[in-house]
Amino acid sequence: MDLTLRVWRQSGPGDKGRFEEYPAPGIASHMSFLEMLDIVNERLTLAGVEPIAFDHDCREGICGTCGLMIDGRPHGPWEGTATCQLHMREYHDGDTITIEPWRAKGFPHIKDLVVDRRAFDRIVEAGGYITVSAGSAPDANLIPIPKEAAEYAMDAAACIGCGACVAACPNGAAQLFVAAKYSHLSLLPQGQPERWSRAEAMVDTMEHYFGSCSNHGECEAACPKNISLDFIALLNRDYIRAKWKNRRLAGQS
Amino acid sequence: MTTTRQPITRRRFWFFEFYRSAVGKKWVMAVTGLILIGYLLAHMVGNLKMYLSPEAINAYGESLRDLGGHLVPRTHLLWIMRIGLVVATYFHLHSATTLTLLNRRSRPDKYDERHYAAANYASRTMIWGGVIIAAFVVFHLADLTWGWGGAEFVRGMPYENMVASFSRLPVALFYIIANLLLGVHLYHGAWSLFQSIGINNPRFNEWRRWFAYGISAVIVIGNISFPIAVQAGIVG
Ligand code: FES
């Protein structure tokens, strides 16, 4: 099929940026979206044009590196998939596809479709960890955990940190990411010792970079891992509880 | 950018520190919103007495001043409630304004194309709907509490004042439109407040939406029935 791409080109943070149109003829429907971009880039290189910069790594929906706003939808039109899992069979001959980078103040622009998502690392550094005793690996299943709790924590742990929630949010908020990173530790026994300091540290760090959640629900709709807004409620509740908490009774949770 | 930054150090009295954070402001917005919803509901139910008889609603208005009976001096309890409402309204508006400005700053660049999948008209018009509602509340107080509305106003005669005010068609329409906007505002707010204060349980999450539908429908239908009844000549 023959497509037209409308791609955001911006040489760097200082550049104003603009859309440019590239014809993409002869695209096969079994290609992935990123393979299509590779082919366009190869042709651009041969034509002496600077290729389009975009982020990608695993190309199987687990690393969270890829992330494009495709026709106004984060990660494109498919539900519960990352950009790298989107395939060209979605499109038809003659389609024009608009591709933009994530836009949010917390994600400064680097080049073309690439943004700086290190703010996420700062939030995880602030509280997204647990303390364990070093030494030989403990036996599996040494700590009994109810099945529901383990599965629910796993739902949160599915977050790949791609930033689609921020990109989707009309407020540029990162509440869904932080809630997922907070919850997958705080729902499990191993995460209890730092639970209350984690709630405060992660939220306070988040607020350096990102906007505030007003419960639009766009993040949940955009998330390639279908992470639920329920985790945001848990984060909000634990933040206020962290303020109240008599920390000497932390073990009583 | 993105050098390592330390979390904000919060040193003041814990509640002020909490209010300084965006999550804290959302919590305050939810709690004050709940107070205002409670007030709206009581206000609407009280005004239903208009359908009983002019004496019934006028006596109801008078008994509000006697709240607390002989336990407190006359009108004191009413004033405490009024001050509570003013404080709740102030914090509701303050947190809304601050957060809106923060959110605008956090999303400076627009997308060329954007299809919303979950955000709805209600959630996206909270701030401007809120501004219009606030302006309406000022008008409403001037009209029927302070008596600046132009219609012949007699203090302590809510029935006659209401009828006089609502029989002017533009005023009646303004009340109806403002209340419909209020309904849209409540529809998002009455659901959203559960998320903001962290009340979330799969057993009743479905119920939170129904609560929002129900509360906005009951308040709006009750409120707009008054100008409609006056205009239709059912009450007058
Ligand atoms: S490239 Fe790894 S998730 Fe898409």
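The following paragraphs examine the structure supplied in this document. Everything numeric here is computed off the predicted structure, so don't read it as measured data.

This part is about the overall build of chain A. Within chain A, the regular secondary structure consists of eight helices and seven strands. In terms of principal-axis extent, the alpha carbons of chain A reach across some 65 × 40 × 35 Å. For chain A, the residues scored as buried account for 53% of the 253 residues in total. Within chain A, contacts between residues separated by at least 24 positions form 68% of all contacts whose residues are at least 6 apart in sequence. Carbon and sulfur atoms make up 53% of the accessible area of chain A, which amounts to about 10,800 Å² in all. Taking the average location of the 25 positive side-chain charges in chain A and that of its 33 negative ones, the two points are 7 Å from each other.

Moving on to a nonpolar patch on the surface. Side chains of W79, I83, V87, Y90 and F91 of chain B sit close together on the surface and give an oily, nonpolar patch of about 520 Å² of accessible area. Relative to the elements of secondary structure, F91 of chain B occurs in helix α4 (residues 76-106).

Moving on, we come to the nonpolar core. Within the largest apolar cluster, 62 residues are counted, with the highest numbers of intra-cluster contacts made by V166, V178 and F210 of chain A. Element by element, the count of residues in this core is highest for helix α8 (residues 169-197) of chain B, at eight residues. Not counting chain neighbours up to four residues away, the residues in contact with V166 of chain A comprise A104, F107, F120, G172, A173, A174 and F210 of chain A. Counting 27 residues, the second largest nonpolar core, distinct from the first, contains V7, Y22, M36 and I97 of chain A.

Let's shift gears to the packing of α8 of chain B against helix α9 (residues 205-231) of chain B. Residues and elements named next belong to chain B. Running from N to C, α8 and α9 cross one another at 170°; their axes reach a closest spacing of 8 Å. The orientation of α8 with respect to α9, classified from their angle, is roughly antiparallel. A per-class count over the contact of α8 with α9 returns 21 nonpolar, six polar and two charged.

On to the sheet that holds strand β3 (residues 69-70) of chain A. Residues and elements named next belong to chain A. If you trace the five strands from one edge of the open sheet to the other, you get β2-β1-β5-β3-β4, paired in mixed fashion. Every interior strand has two partners, whereas the edge strands, β2 (18-24) and β4 (73-74), have only one. In the packing of helix α1 (residues 33-46) onto the sheet, the strands contacted are β1 (3-9), β2, β3 and β5 (96-100), and the crossing angle to β1 comes to about 80°.

With that settled, consider the environment of W79 of chain B. Residue and element names in this part refer to chain B. Positionally, W79 belongs in helix α4. A relative accessible area of 48% places W79 in the partly exposed class. Sequence separation between W79 and R65 is 14 residues; the distance between their C-alpha atoms is 8.7 Å.

What follows deals with the pattern of salt bridges. All names here are of chain B. In total, this model carries 21 salt bridges over all chains according to the counting rule given. Measuring nitrogen to oxygen at the nearest pair gives 2.9 Å for the salt bridge that ties D66 to R74. Overall, R74 belongs to the partly exposed group, its relative accessible area being 44%. Several salt bridges converge on common partners, so that one network encompasses E62, R65, D66 and R74.

We now examine unusual backbone geometry. A positive phi angle is found at D112 of chain A, which is not glycine, with a value near 40°. Tracing the sequence through the fold places D112 of chain A in the loop between β6 (109-111) and β7 (114-115).

Time to look at the interface of chain A and chain B. With 54 residues of chain A at the interface, the matching set in chain B holds 46 residues. For the pairing of chain A and chain B, the buried interface totals around 4,300 Å² over both sides, and the portion due to carbon and sulfur atoms is 53%. Per-residue buried area on chain A facing chain B is highest for R103, H208 and N215 of chain A; these three make up 14% of the total on that side. Run the count over chain A and chain B and you get two salt bridges. Of all elements in the fold, only β4, β5, α2 (118-127), α4 (164-168), α6 (195-209), α7 (218-222) and α8 (230-244) of chain A reach the threshold of two or more residues within the side of chain A that touches chain B.

Attention shifts here to the packing of aromatic side chains. Residues and elements named next belong to chain B. Applying the stated criterion across every chain yields a total of 27 aromatic pairs over all chains. Ring plane angle 90° and centroid distance 5.1 Å describe the contact between F136 and Y175, whose orientation is recorded as edge-to-face. With F136 in helix α6 (residues 126-144) and Y175 in helix α8, this pair connects stretches of sequence that are 39 residues apart. Here F136 falls in the buried class, since its relative accessible area comes to 9%. The exposure class assigned to Y175 is buried, which follows from its relative accessible area of 3%. Summarising the aromatic geometry, the rings of F194 and F211 are spaced 5.4 Å apart at their centres and angled 80° between planes, so their arrangement reads as edge-to-face. With F194 in helix α8 and F211 in helix α9, this pair connects stretches of sequence that are 17 residues apart. Among the residues examined, F194 registers a relative accessible area of 9% and is labelled buried. Relative accessible area serves as the criterion here: at 23%, F211 is assigned to the partly exposed category.

The rules behind these values
Residues numbered from 1 in each chain as written. Chains lettered and ligands numbered in written order. Predicted model: local features only at pLDDT ≥ 70, side-chain atom pairs only at ≥ 80, totals over all residues. Heavy atoms only, no water. Helix = DSSP H or I, 4+ residues; strand = E, 2+ residues; numbered from the N terminus. Buried < 20%, exposed > 50% of the residue type's maximum accessible area, 1.4 Å probe, protein only. Contact = heavy atoms within 4.5 Å. Areas by Shrake-Rupley, 256 points an atom, 1.4 Å probe, with all protein chains shown as cover. Lys, Arg positive; Asp, Glu negative; His and termini not counted. Charge placed at Lys NZ, Arg CZ, Asp CG, Glu CD. Patch = residues over 30% accessible without salt bridge, like charges linked within 9 Å, V, L, I, M, F, W, Y side chains within 5 Å. Salt bridge = Lys/Arg side-chain N within 4 Å of Asp/Glu carboxyl O. Core = buried A, V, L, I, M, F, W, Y, C linked by side-chain atoms within 4.5 Å. Axes fitted to C-alpha atoms, helices over the stretch in contact; angles between N-to-C directions. Parallel < 35°, antiparallel > 145°, perpendicular 65-115°, else oblique. Nonpolar A, V, L, I, M, F, W, Y, C, P; charged D, E, K, R; others polar. Pairing = 2+ DSSP bridges. Buried area = accessible area lost by both parts, 1.4 Å probe. Phe/Tyr/Trp six-rings, centres within 6.5 Å; stacked < 30°, edge-to-face > 60°.

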